[in-house]
Amino acid sequence: MAYKRQIDRLPIIPADAQEFNVTCHYCIVGCGYKAYTWPINRQGGTAPDENKFGEDLSRQQYQDAEAWYAPSMYNIVRQNGRDVHLVVKPDVNCVVNSGLGSVRGARMAENRPSRVTGTQLQRIGDPLVWRNGTWQPTSWDDALDLVARVTARVITEGSEDDLVVSMFDHGGSAGGYENTWGTGKLYFGAMKVKNARIHNRPAYNSEVHSSRDMGVDELNYAYEDYQLTDTIFIVGANPMETQTNLFLNHMVKGLQNGARMVVVDPRRTLTVASAEQFAGKENVLHLAINEGTDLALLNALFTHIADQGWVDREFIEKSTFRDGVAVRQDAAHPASLGSFEHALEAVRMSVEEAAGICSVPAADIVKAAEWIAKPHDDGSRRKCVTAYEKGVIWGNDNYRTVGALVNIALATGNIGREGGGCCRLGGHQEGYFRPSDAHVGRPAEYVDQFLIRGLGAVHHIWACDHYKTTLNASEFKRVHKRRADMVKDAIDAAAGRSREEVVDAIMGAIRMGGLFVVDVDIIHSQIGQNAHVILPACEANEMNLTSMNGERRLRLSERYMDPWGNSRPDCLIAAGIARHMERVLREMGHGEYADRFKGFDWQTEEDAFMDGYHQANPEVTYERLRAMGNNGVQEPVVGFENGRLVGTTRLYTDGRFTRHGREDGKALFCAGAWRGWQAPGKAREKASHRFWINNVRANIFWQNQFLDQKNEFVQDRYPHPFVEMHPDDMVELGINPGDLVEIVNENGVTQGMAYPMPTLKRNTVAMVFGSPAGSQGNVVNPGVNELVLPDYKHTWGNIRKIADATPETRAISFKSHEVAL
Amino acid sequence: MKCNRMVDVGRRQFLRGGFVGAAGAAASAVLPAEAARARGLARVAYPSTRLANIRDLKVNEPMDIAYPDADSPGVLLKLGRPVEGGVGPDGDIVAFSVLCPHKGWLLSYSAGDRTLNCPGHHSRFDCEAGGQQIWGHATQNLPQFLLRVDDKGDIHAEGVDELIYGRLSNVLEA
Ligand code: FES
């Protein structure tokens, strides 16, 4: 049964409702929304002077109306201790989305916790401590005291290397400049924790090392470049699905302005299908390469473009390194870096050879090269904007493949210019401000294996759920649970004893191989099942939060409601841990060590912002950001004039490249030749299983699935994680739509619901990534690249039916996702 | 399919209002006086509106209608097999709003796979699954009109299960 809310009227926003700036905190695009709140006992009226929009609401509103909002955009929440009406709706004046809402962001209001409407009651409102066999609610002081005592014992009896930290590094949902600073100041300032990892991967590292080593920051353009370009070149990304309003509001406008699109993806995605509708099939080229062969294709494109002379000589001479090898290949650099000629010689690959490796027609590779780089008939340079994401980042040979993309953009002079750019599309927004992480080292520790090997004594987890977002997840879960259970058993055995005795018992279990786990999250997550202390955090808009989007657009997303229950901003939780660490260390007689934990006396998130980001960017304050509204300012901020912050539309317009830290300001080319499967075990696994298990995202819940596991609209659509298969494969295996299936290989097992998808190639599967109900990471082998970047995308397995369709799965639509106009 | 073009004409008219005057002739519905009573009720009171007679419907040929009033365009369908919310002797007659609950563009019917599709941003809805959004940007499934068939075979619309795009009360109120 299609889920219907049975809501047929909504309260009208009164003319005097309070208005707040909101940046959607789910995905990287950061669409602008406006939040309106007003007292519970009133509403506006239909007459123009009675409502916020000055519209006659007794009449039907037409297409793209500002004055309409859906039931999902409404809720009743707490504000300053009182229940208020809340509407959160897309902002027509925000240049990012121009009033478009996404299926995620337009549910922000509904995904707020509410005691009145009963939404998101899964949110945690109190600190919880493992006691008497379960998690018991307690005070902040009690919970933080236990965290500090165990952590202090561990780092003083051993070292800070025994403290393992998993923490977000991004903005938007969790993260943001306030919270990355709070956690960063604690773990990289007061302490120098090196066994750290980031929310979606098993080490503390960049996802785009090579781009940065080449001097090119991965977010270097402006979204408007898509409207100013000749060609949009997309590799391993699916923006219609995952950066929806970037696609609709910028890429589509580019296509309508006459741009063409090249998409490299083994799968026919909705980006391809939708671009064909908007631009015409003849203006969209889809290169459906074999999985993992991007590097061969890109090197052939680079070679062909160079051999044809379609390069920007002047740019290469002026802005790139001209003298052979600049950086040798070594343990920290999976390819050497240097001049254009050095790279060309190393990566040379003919179109024919690439066509064979990638299984795409040679003519299509030539056509792509022409669309990307062949000068116009009048001799003028062709503009091309390049975008990539997880298909490359979590793909085969990350370092060299990202480098190969940047090579093409540099050679054609397409960075730092209008209509150019070579950027990742991104997942979350960014919002990174931390003390140096140089002590972490490169390659960084493979933290999930470190834990599996029985190392580490305390694990602090911040808005990460390895259960859903790691590779080799089956083994990780087994070991993590076993080690955490040892500590739980010790706590249970010490029930009723003093705090000191309980801490002694915990330390005893740790010495036997146990792991003490502290989980900071907004919900009780899956890895949180192993936690001994759970600390409730709040989300953006329950606190003020600053982040920047995929074109470095910095906004302040304002607090319009109270944190749920007794939850707190992460930065203030970090400050609380620091203050308790200081006290406990002093009590233990480590006065000097204790002193390092000073400087956390923040009362608000704004204090954390001023202590961190503001110190490095003295122009930027909350007040000034508030004044800049939903359009904010593009980083870096370079001044403050006439009451407005002055930003930077695109990076490197002066032709000087700086991300690698080289004083000469010269960009480097990457000499990364094609070398087949890079990560260990991939070739063998492919040879011994029928199906390639691709992991993919879905617009309906990507980046907010943790909330949507309790959202009826979403659960109704996908009651189980989807496993898309070619219908002929399903028939062969006797699988019907909606049947529950298992994916099996040597690494583990996961499960989902079969969904026929005729546009897939045979013997491939597209399974949703990171589902709480079926982790694709279970079947991914531990193989990573030299810098510990996971190759999640390449997994092979066999498929087995485990059950007939359930009443829920039987009732859903299994029709093609492609529009039929 | 012809109806795609037809709806396109409809869209232009809808943009300037008065959609039903041209394309929705079948829905010369009587607008009941009770509509004004909506204010203050927990759920609005819906008019009962005759949309058509079963004899007027052909399998898989969409009929333009409007409900609960002339400014809310919809589609009446006989799908040929029993479906969610279907009425009539075959349980196969359904009606939906054709205003996309994303940004209010007018949906077009694809007879090939019995879906309603949006030219705006490519959302689509399954007429055989209660208007479930197959893929798209809307945060709700397609509003379906509650139908009743009387002894004479007249099909009446008597309610709506989701908020219709462009109105904050399904039955407009002064
Ligand atoms: S209006 Fe229908 S998809 Fe946007």
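How each quantity is defined
- Residues numbered from 1 in each chain as written.
- Chains lettered and ligands numbered in written order.
- Predicted model: local features only at pLDDT ≥ 70, side-chain atom pairs only at ≥ 80, totals over all residues.
- Heavy atoms only, no water.
- Helix = DSSP H or I, 4+ residues; strand = E, 2+ residues; numbered from the N terminus.
- Rg over C-alpha atoms; globule rule 2.2 N^0.38 Å.
- Areas by Shrake-Rupley, 256 points an atom, 1.4 Å probe, with all protein chains shown as cover.
- Lys, Arg positive; Asp, Glu negative; His and termini not counted.
- Charge placed at Lys NZ, Arg CZ, Asp CG, Glu CD.
- Buried < 20%, exposed > 50% of the residue type's maximum accessible area, 1.4 Å probe, protein only.
- Contact = heavy atoms within 4.5 Å.
- Pairing = 2+ DSSP bridges.
- Expected span 1.5 Å × (residues − 1).
- Arc of directions from axis to C-beta.
- pLDDT = per-residue confidence, 0-100.
- Axes fitted to C-alpha atoms, helices over the stretch in contact; angles between N-to-C directions.
- Disulfide = S-S within 2.5 Å.

Undergrad: Teacher, can you tell me more about the overall build of chain A here?
TA: Counting its secondary structure elements, chain A contains 26 helices and 30 strands. Relative to the globule expectation of 28 Å for 821 residues, the C-alpha radius of gyration of chain A, 26 Å, shows essentially globular dimensions. Principal axes of the C-alpha set define a box for chain A whose edges measure 80 × 70 × 65 Å. As displayed, chain A has an accessible area near 26,100 Å², and 47% of this comes from carbon and sulfur atoms. Charge-centre separation for chain A: the mean point of 89 positive side chains lies 1 Å from the mean point of 104 negative side chains.

Undergrad: I'm lost on the overall build of chain B in this one. Help?
TA: Scanning chain B from terminus to terminus reveals two helices and ten strands. For chain B, the sequential pattern of α-helices and β-strands runs α-α-β-β-β-β-β-β-β-β-β-β. In chain B, which comprises 174 residues, the proportion classed as buried is 66%. When contacts within chain B are restricted to residue pairs at least 6 apart in sequence, those whose partners lie at least 24 apart make up 48%.

Undergrad: Can you walk me through the pairing of strand S26 (residues 722-725) of chain A in this structure?
TA: Residues and elements named next belong to chain A. Burial of S26 is two-sided: the residues Phe722 and Glu724 facing one way and the residues Val723 and Met725 facing the other way are all buried. Across four bridges, S26 lies against strand S28 (residues 748-756) in parallel orientation. Considered in S28, the bridge of Glu724 is made with Tyr755. Alignment of S26 against strand S29 (residues 764-768), held across three bridges, turns out to be antiparallel. Looking at S29, one finds that Glu724 is bridged to Ala766.

Undergrad: I keep staring at helix H16 (residues 499-511) of chain A and nothing clicks. Help me out?
TA: All names here are of chain A. Here H16 contains 13 residues, and its C-alpha end-to-end distance of 18 Å stays within 8% of the 18 Å for a straight helix at 1.5 Å per residue. Within H16, burial applies to Arg499, Val502, Val503, Ile506, Met507, Ala509 and Ile510. Along H16, the residues classed as buried sweep out an arc of 160° about the axis, all on the same side. One or two steps after H16, the chain reaches Gly513, where phi turns positive at roughly 110°.

Undergrad: Before we go on, may I ask you to explain the confidence of the model for chain B in this structure?
TA: The predicted structure's coordinates, where accompanied by low pLDDT, should not be read in detail. All names here are of chain B. When the pLDDT values of chain B are averaged, the result is 83; 76% of them are 70 or greater. Contacts from residues 1-40, a stretch scored under 50 in pLDDT, to residues over four places away or in other chains number 66 contacts. The ipTM for the predicted assembly is 0.96, set against a pTM of 0.95.

Undergrad: How should the sheet that holds strand S21 (residues 633-634) of chain A be read in this particular structure?
TA: Strand pairs in the sheet, formed through backbone hydrogen bonds, run parallel or antiparallel to each other. All names here are of chain A. The strand order across the open sheet built from three strands is S19-S20-S21, with neighbouring strands paired in antiparallel fashion. Each edge of the sheet is formed by a strand with only one pairing partner; in this case those strands are strand S19 (545-548) and S21. When S19 meets strand S20 (residues 553-557), the two strands line up antiparallel, connected through four bridges. Across the sheet, residue Thr546 finds its bridge partner in S20, namely Leu556. Together, S19 and S20 form the strand contacts of helix H2 (residues 176-190), whose direction differs from that of S19 by roughly 100°.

Undergrad: Hey, could you run me through the state of the cysteines in this one?
TA: Chemically, a disulfide is nothing more than a covalent bond linking the sulfur atoms of two cysteines. Inspection of the entire model under this criterion finds zero disulfides over all chains. Here Cys384(A) is not cross-linked by a disulfide; its sulfur's nearest cysteine counterpart is in Cys422(A), at 8.8 Å.

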